[in-house]
Amino acid sequence: PFGGVEKHLDVMREDILELKSELPSWSKGKVVLLGEACHPISPNLAQGAALAIENGFELGLALVEQSDIEHALARYEEHRSPRVTACRRVTGFTKILGAMPEVSGLMPLVPASLNQRVFDMFLDYSLTAGGSYPGPSALPQSAA
């Protein structure tokens, strides 16, 4: 589709409907990716953009806190990876459920408290309350 140039590049390409692979590392040297460029997520719960915004925030913090860029990028990935993994797990599970209409009849049997806990953990996330953001007082004056 790109005039044959893609065969000369080391590019990962997947059908947009089947985003299965996450890159083994989000950075190389002083270059970093964020959002779906490094951790594609199924679009069924519309969390891709939200994760990219969270990533940008976390990346900014890491760059402010670490003078060495490569260490900052490693810190960014280390802090974001658990959240991304949890989101990928939930969206993957709901995608499977959505593909099996017969399962929807069983959903009323799932205790409401369990369902609420899963979605609270997933959707009620805050970078400032429970995330790794230490608050504006922890930032240098020029960044606050």
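The present account deals with the structure reproduced in this document. (Residues numbered from 1 in each chain as written. Predicted model: local features only at pLDDT ≥ 70, side-chain atom pairs only at ≥ 80, totals over all residues. Heavy atoms only, no water.)

1. Notes on the overall build of the protein
Secondary structure summary: the protein contains four helices and two strands in total. In the protein, the order of α-helices and β-strands from amino to carboxyl end is β-β-α-α-α-α. Across the 144 residues that make up the protein, the buried fraction comes to 24%. For the protein, contacts bridging at least 24 residues in sequence account for 60% of all contacts bridging at least 6. Carbon and sulfur atoms make up 61% of the accessible area of the protein, which totals about 9600 Å². (Helix = DSSP H or I, 4+ residues; strand = E, 2+ residues; numbered from the N terminus. Buried < 20%, exposed > 50% of the residue type's maximum accessible area, 1.4 Å probe, protein only. Contact = heavy atoms within 4.5 Å. Areas by Shrake-Rupley, 256 points an atom, 1.4 Å probe, with all protein chains shown as cover.)

2. Points about helix 2 (residues 69-98)
Across its 30 residues, helix 2 extends 41 Å between first and last C-alpha, which sits within 8% of the 44 Å expected from 1.5 Å per residue. Where helix 2 bends most, the angle comes to about 40°, and this point is Arg-80, followed within four residues by the proline Pro-82. Where helix 2 begins, the side chain of Asp-68 points an oxygen toward the backbone nitrogen of Glu-70, at a separation of 3.3 Å. (Expected span 1.5 Å × (residues − 1). Bend = angle between axes of the 7 residues up to and from the residue. Polar contact = N/O pair within 3.5 Å; in protein donor to acceptor, adjacent residues only side chain to side chain.)

3. A look at the nonpolar core
Of all hydrophobic cores here, the largest spans 11 residues; its members are Trp-26, Cys-38, Ile-41, Leu-51, Leu-59, Ala-62, Ala-72, Leu-73, Tyr-76, Val-84 and Cys-87. Among the secondary structure elements, those contributing two or more residues to this core are helix 1 (48-65) and helix 2. Beyond its immediate chain neighbours, meaning those up to four positions away, Leu-51 contacts His-39, Ile-41, Arg-80, Arg-83, Val-84 and Cys-87. (Core = buried A, V, L, I, M, F, W, Y, C linked by side-chain atoms within 4.5 Å.)

4. Focus: the pattern of salt bridges
Where charged atoms of side chains with opposite charge meet at close range, the side chains can pair. Summed over the entire model, instances satisfying the criterion amount to four salt bridges. In this structure, Arg-75 engages Glu-58 in a salt bridge whose closest nitrogen and oxygen atoms are separated by 2.9 Å. Residue Arg-75 is found in helix 2, and its partner Glu-58 is found in helix 1; the two are separated by 17 residues along the sequence. Its relative accessible area of 11% is what places Arg-75 among the buried residues. Looking at Glu-58, the relative accessible area reads 1%, which means it is buried. A salt bridge links Arg-75 to Glu-65, with the nearest nitrogen and oxygen atoms 2.9 Å apart. Highlighted residues: Arg-75 in helix 2 and Glu-65 in helix 1, separated in sequence by 10 residues. Relative accessible area serves as the criterion here: at 38%, Glu-65 is assigned to the partly exposed category. (Salt bridge = Lys/Arg side-chain N within 4 Å of Asp/Glu carboxyl O.)

Purely geometric numbers; function is a separate question.
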